[in-house]
Amino acid sequence: MELVLLGAPGAGKGTQAKLITEAYRLLHLSTGDVLRRNVADGTPLGLEAKKYMDGGQYVPDDLINDLVADQMERPEAKGGVAFDGYPRTLNQAEKLDAMLGKKCRPIDVAINLEVDEEALVVRLAGRRVCGGCGAPYHLKSMPPLRPDVCDACGSPLIQRPDDREETIRTRMEVYRRQTEPLLDYYAKQRKLRTVDASEGIEKTFERVQALLGEAG
Ligand code: AP5
(Lines give C-alpha, C1' and ligand atoms only; values in the text may rest on other atoms or scores of the structure.)
Protein backbone atom coordinates (compact mmCIF):
# COMPACT_ATOMS: atom_id res chain seq x y z
CA MET A 1 0.00 0.00 0.00
CA GLU A 2 1.19 3.52 -0.87
CA LEU A 3 -0.55 6.13 1.20
CA VAL A 4 -0.36 9.93 1.41
CA LEU A 5 -1.31 11.83 4.56
CA LEU A 6 -2.50 15.36 3.93
CA GLY A 7 -3.60 18.02 6.39
CA ALA A 8 -2.67 21.41 7.80
CA PRO A 9 0.18 21.75 10.31
CA GLY A 10 -0.84 19.97 13.50
CA ALA A 11 -3.70 18.00 11.92
CA GLY A 12 -2.09 14.81 13.24
CA LYS A 13 -0.24 13.49 10.17
CA GLY A 14 2.77 12.34 12.18
CA THR A 15 0.65 10.83 14.96
CA GLN A 16 -1.60 8.90 12.59
CA ALA A 17 1.31 7.89 10.35
CA LYS A 18 3.01 6.27 13.33
CA LEU A 19 -0.15 4.27 14.19
CA ILE A 20 -0.80 3.32 10.57
CA THR A 21 2.77 2.17 9.87
CA GLU A 22 2.81 0.03 13.02
CA ALA A 23 -0.55 -1.56 12.18
CA TYR A 24 0.04 -2.06 8.45
CA ARG A 25 3.84 -2.55 8.45
CA LEU A 26 4.63 0.32 6.12
CA LEU A 27 7.66 2.62 6.08
CA HIS A 28 6.87 5.97 7.74
CA LEU A 29 8.44 8.60 5.49
CA SER A 30 8.15 12.02 7.11
CA THR A 31 10.01 14.69 5.14
CA GLY A 32 9.81 16.96 8.20
CA ASP A 33 11.54 14.33 10.39
CA VAL A 34 14.25 13.64 7.79
CA LEU A 35 14.89 17.39 7.45
CA ARG A 36 15.05 17.86 11.23
CA ARG A 37 17.58 15.01 11.48
CA ASN A 38 19.69 16.75 8.85
CA VAL A 39 19.43 20.05 10.74
CA ALA A 40 20.51 18.32 13.97
CA ASP A 41 23.45 16.64 12.18
CA GLY A 42 24.49 19.91 10.51
CA THR A 43 24.54 18.40 6.99
CA PRO A 44 24.59 20.74 3.95
CA LEU A 45 20.91 19.86 3.34
CA GLY A 46 20.08 20.60 6.99
CA LEU A 47 21.87 23.96 6.94
CA GLU A 48 20.00 24.98 3.78
CA ALA A 49 16.61 23.64 4.99
CA LYS A 50 16.84 25.38 8.38
CA LYS A 51 16.68 28.80 6.67
CA TYR A 52 13.16 27.97 5.47
CA MET A 53 11.88 25.76 8.30
CA ASP A 54 12.46 28.15 11.19
CA GLY A 55 10.33 30.79 9.45
CA GLY A 56 7.57 28.34 8.55
CA GLN A 57 8.28 28.38 4.79
CA TYR A 58 8.60 25.34 2.54
CA VAL A 59 12.00 23.97 1.57
CA PRO A 60 12.52 24.18 -2.25
CA ASP A 61 10.92 21.37 -4.27
CA ASP A 62 14.17 20.12 -5.83
CA LEU A 63 15.78 19.45 -2.45
CA ILE A 64 12.68 17.68 -1.17
CA ASN A 65 12.12 15.56 -4.27
CA ASP A 66 15.77 14.38 -4.17
CA LEU A 67 15.44 13.57 -0.48
CA VAL A 68 12.33 11.45 -1.11
CA ALA A 69 13.89 9.69 -4.13
CA ASP A 70 16.79 8.77 -1.83
CA GLN A 71 14.52 7.45 0.92
CA MET A 72 12.58 5.38 -1.61
CA GLU A 73 15.75 3.37 -2.29
CA ARG A 74 15.74 2.06 1.30
CA PRO A 75 14.89 -1.66 1.41
CA GLU A 76 12.11 -0.94 3.97
CA ALA A 77 10.30 1.13 1.33
CA LYS A 78 9.63 -1.98 -0.76
CA GLY A 79 6.71 -3.07 1.45
CA GLY A 80 4.82 0.19 0.99
CA VAL A 81 5.15 3.72 2.32
CA ALA A 82 3.03 6.15 4.33
CA PHE A 83 4.09 9.60 3.09
CA ASP A 84 3.76 12.15 5.90
CA GLY A 85 4.12 15.79 4.87
CA TYR A 86 4.96 14.94 1.27
CA PRO A 87 3.83 15.93 -1.29
CA ARG A 88 3.05 19.53 -0.35
CA THR A 89 3.10 21.25 -3.74
CA LEU A 90 1.77 20.31 -7.16
CA ASN A 91 5.34 19.90 -8.39
CA GLN A 92 6.03 17.38 -5.60
CA ALA A 93 2.76 15.50 -6.26
CA GLU A 94 3.64 15.12 -9.93
CA LYS A 95 7.19 14.01 -9.08
CA LEU A 96 5.85 11.42 -6.64
CA ASP A 97 3.41 10.05 -9.22
CA ALA A 98 6.29 9.77 -11.71
CA MET A 99 8.58 8.11 -9.15
CA LEU A 100 5.96 5.53 -8.12
CA GLY A 101 4.83 5.09 -11.73
CA LYS A 102 8.31 3.82 -12.61
CA LYS A 103 8.00 1.24 -9.83
CA CYS A 104 4.41 0.31 -10.91
CA ARG A 105 3.24 1.22 -7.40
CA PRO A 106 0.72 4.07 -7.72
CA ILE A 107 -0.73 5.88 -4.70
CA ASP A 108 -3.69 3.90 -3.33
CA VAL A 109 -5.22 6.57 -1.15
CA ALA A 110 -4.65 10.17 -0.02
CA ILE A 111 -6.08 10.78 3.46
CA ASN A 112 -6.90 14.37 4.32
CA LEU A 113 -7.03 14.96 8.09
CA GLU A 114 -9.46 17.82 8.68
CA VAL A 115 -9.37 20.03 11.80
CA ASP A 116 -10.52 23.58 12.52
CA GLU A 117 -7.61 26.10 12.37
CA GLU A 118 -7.99 27.51 15.89
CA ALA A 119 -7.86 23.99 17.34
CA LEU A 120 -4.65 23.43 15.38
CA VAL A 121 -2.97 26.46 16.92
CA VAL A 122 -3.75 25.05 20.40
CA ARG A 123 -2.43 21.63 19.38
CA LEU A 124 0.85 22.98 18.04
CA ALA A 125 1.49 25.39 20.89
CA GLY A 126 1.14 22.45 23.34
CA ARG A 127 3.12 19.97 21.29
CA ARG A 128 6.38 18.53 22.55
CA VAL A 129 8.52 16.06 20.65
CA CYS A 130 11.19 13.65 21.80
CA GLY A 131 14.66 15.00 21.06
CA GLY A 132 15.87 11.40 20.68
CA CYS A 133 13.33 9.34 18.71
CA GLY A 134 10.96 12.09 17.53
CA ALA A 135 7.81 10.64 19.16
CA PRO A 136 5.09 13.31 19.43
CA TYR A 137 3.41 14.34 22.70
CA HIS A 138 0.97 17.01 23.79
CA LEU A 139 0.97 18.72 27.17
CA LYS A 140 -2.82 18.15 27.54
CA SER A 141 -4.04 15.43 25.15
CA MET A 142 -1.03 13.11 25.16
CA PRO A 143 1.28 13.88 28.08
CA PRO A 144 4.31 11.68 28.77
CA LEU A 145 4.21 9.48 31.88
CA ARG A 146 7.05 11.52 33.44
CA PRO A 147 7.11 15.30 32.75
CA ASP A 148 9.40 16.26 29.84
CA VAL A 149 10.74 12.71 29.33
CA CYS A 150 9.97 10.41 26.38
CA ASP A 151 8.08 7.23 27.37
CA ALA A 152 9.69 5.29 24.54
CA CYS A 153 13.39 6.15 24.79
CA GLY A 154 13.85 8.31 27.92
CA SER A 155 15.27 11.33 26.06
CA PRO A 156 14.20 14.88 27.00
CA LEU A 157 11.17 16.39 25.23
CA ILE A 158 11.64 19.64 23.32
CA GLN A 159 9.49 22.31 21.67
CA ARG A 160 10.04 22.73 17.92
CA PRO A 161 11.33 26.20 16.91
CA ASP A 162 8.49 26.47 14.34
CA ASP A 163 5.82 25.87 17.03
CA ARG A 164 5.90 29.51 18.21
CA GLU A 165 2.51 31.14 17.62
CA GLU A 166 3.60 33.69 14.96
CA THR A 167 5.38 30.94 12.98
CA ILE A 168 2.35 28.65 13.31
CA ARG A 169 0.22 31.35 11.58
CA THR A 170 2.76 31.60 8.72
CA ARG A 171 2.73 27.80 8.32
CA MET A 172 -1.09 27.82 8.09
CA GLU A 173 -0.97 30.51 5.41
CA VAL A 174 1.71 28.66 3.41
CA TYR A 175 -0.34 25.46 3.70
CA ARG A 176 -3.51 27.16 2.37
CA ARG A 177 -1.66 28.69 -0.57
CA GLN A 178 0.61 25.82 -1.60
CA THR A 179 -0.83 22.54 -0.31
CA GLU A 180 -4.63 22.92 -0.33
CA PRO A 181 -4.66 22.68 -4.17
CA LEU A 182 -3.47 19.08 -3.74
CA LEU A 183 -6.89 18.14 -2.38
CA ASP A 184 -8.29 18.82 -5.83
CA TYR A 185 -5.36 16.98 -7.47
CA TYR A 186 -6.14 13.76 -5.57
CA ALA A 187 -9.94 14.25 -5.80
CA LYS A 188 -9.60 14.28 -9.59
CA GLN A 189 -7.71 10.97 -9.35
CA ARG A 190 -10.56 9.67 -7.10
CA LYS A 191 -8.03 8.92 -4.36
CA LEU A 192 -8.94 11.58 -1.82
CA ARG A 193 -10.64 10.55 1.43
CA THR A 194 -11.33 13.14 4.12
CA VAL A 195 -11.36 12.16 7.78
CA ASP A 196 -12.69 14.29 10.63
CA ALA A 197 -9.54 14.49 12.79
CA SER A 198 -10.89 16.95 15.33
CA GLU A 199 -11.58 14.40 18.07
CA GLY A 200 -9.06 12.34 20.00
CA ILE A 201 -6.14 10.41 18.54
CA GLU A 202 -7.81 7.00 18.98
CA LYS A 203 -11.15 8.12 17.54
CA THR A 204 -9.32 9.54 14.52
CA PHE A 205 -7.35 6.31 14.07
CA GLU A 206 -10.60 4.28 14.16
CA ARG A 207 -11.88 6.45 11.31
CA VAL A 208 -8.64 6.01 9.38
CA GLN A 209 -8.74 2.24 9.86
CA ALA A 210 -12.35 2.06 8.67
CA LEU A 211 -11.36 3.96 5.58
CA LEU A 212 -8.28 1.80 4.92
CA GLY A 213 -10.49 -1.26 5.25
CA GLU A 214 -12.64 0.09 2.44
CA ALA A 215 -9.58 1.06 0.34
CA GLY A 216 -7.94 -2.34 0.79
P1 AP5 B 1 6.45 18.88 9.24
O2 AP5 B 1 7.23 18.32 10.34
O3 AP5 B 1 5.86 17.95 8.24
O4 AP5 B 1 5.36 19.86 9.85
P5 AP5 B 1 3.81 20.14 9.53
O6 AP5 B 1 3.23 19.70 8.25
O7 AP5 B 1 3.69 21.58 9.82
O8 AP5 B 1 3.09 19.19 10.43
P9 AP5 B 1 3.35 18.96 11.89
O10 AP5 B 1 4.47 17.98 12.09
O11 AP5 B 1 3.49 20.28 12.62
O12 AP5 B 1 1.95 18.37 12.39
P13 AP5 B 1 1.30 16.95 12.15
O14 AP5 B 1 0.15 17.11 11.22
O15 AP5 B 1 2.32 15.91 11.84
O16 AP5 B 1 0.71 16.74 13.61
P17 AP5 B 1 1.25 15.84 14.82
O18 AP5 B 1 0.89 14.43 14.60
O19 AP5 B 1 2.66 16.16 15.15
O20 AP5 B 1 7.34 19.92 8.42
C21 AP5 B 1 8.09 20.93 9.10
C22 AP5 B 1 8.73 21.86 8.10
O23 AP5 B 1 9.64 21.11 7.25
C24 AP5 B 1 7.79 22.56 7.11
O25 AP5 B 1 7.21 23.72 7.64
C26 AP5 B 1 8.75 22.86 5.95
O27 AP5 B 1 9.58 23.94 6.23
C28 AP5 B 1 9.61 21.59 5.90
N29 AP5 B 1 9.04 20.55 5.03
C30 AP5 B 1 8.63 19.31 5.41
N31 AP5 B 1 8.14 18.63 4.36
C32 AP5 B 1 8.25 19.45 3.29
C33 AP5 B 1 7.89 19.33 1.93
N34 AP5 B 1 7.31 18.21 1.45
N35 AP5 B 1 8.12 20.39 1.10
C36 AP5 B 1 8.70 21.51 1.56
N37 AP5 B 1 9.05 21.71 2.85
C38 AP5 B 1 8.83 20.68 3.71
O39 AP5 B 1 0.29 16.40 15.98
C40 AP5 B 1 0.41 17.74 16.45
C41 AP5 B 1 0.07 17.77 17.98
O42 AP5 B 1 -1.31 17.48 18.16
C43 AP5 B 1 0.84 16.71 18.79
O44 AP5 B 1 1.15 17.28 20.03
C45 AP5 B 1 -0.15 15.54 18.94
O46 AP5 B 1 0.06 14.81 20.13
C47 AP5 B 1 -1.50 16.28 18.96
N48 AP5 B 1 -2.56 15.53 18.31
C49 AP5 B 1 -2.46 14.81 17.15
N50 AP5 B 1 -3.66 14.27 16.82
C51 AP5 B 1 -4.54 14.69 17.79
C52 AP5 B 1 -5.94 14.48 17.99
N53 AP5 B 1 -6.68 13.73 17.16
N54 AP5 B 1 -6.51 15.05 19.08
C55 AP5 B 1 -5.78 15.82 19.93
N56 AP5 B 1 -4.44 16.04 19.79
C57 AP5 B 1 -3.83 15.49 18.73
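Throughout what follows, the structure given in this document is the object of discussion. Remember, predicted model here, so these are calculated numbers, not experimental data.

All right, on to the pattern of salt bridges then. This structure, assessed with the given rule, holds 21 salt bridges. Taking the shortest distance from any N to any O, the salt bridge between R171 and D162 comes out at 3.7 Å. Neither residue differs from the other here; R171 and D162 are each classed as buried. Through salt bridges with shared partners, a single network forms among E117, E118, E165, R169 and R176.

A word on the sheet that holds strand 3 (residues 81-84). The 5 strands lie next to each other as 2-3-1-4-8, forming an open sheet whose pairing is parallel. Taken across any chain shown, the strands that pair with only one partner, and hence form the sheet edges, are strand 2 (27-30) and strand 8 (192-196). Going across the sheet, the axis of each strand differs from the next one's by a mean of 20°, ignoring polarity. Sheet analysis places strand 4 (residues 109-114) next to strand 8, joined by 5 bridges and oriented parallel. Following the sheet pairing, L113 is matched in strand 8 by V195. Across the sheet, helix 2 (residues 31-41) is in contact with strand 2 and strand 3; its angle to strand 2 comes to roughly 65°.

Quick notes on the rules
Residues numbered from 1 in each chain as written. Predicted model: local features only at pLDDT ≥ 70, side-chain atom pairs only at ≥ 80, totals over all residues. Heavy atoms only, no water. Salt bridge = Lys/Arg side-chain N within 4 Å of Asp/Glu carboxyl O. Buried < 20%, exposed > 50% of the residue type's maximum accessible area, 1.4 Å probe, protein only. Pairing = 2+ DSSP bridges. Helix = DSSP H or I, 4+ residues; strand = E, 2+ residues; numbered from the N terminus. Axes fitted to C-alpha atoms, helices over the stretch in contact; angles between N-to-C directions. Contact = heavy atoms within 4.5 Å.

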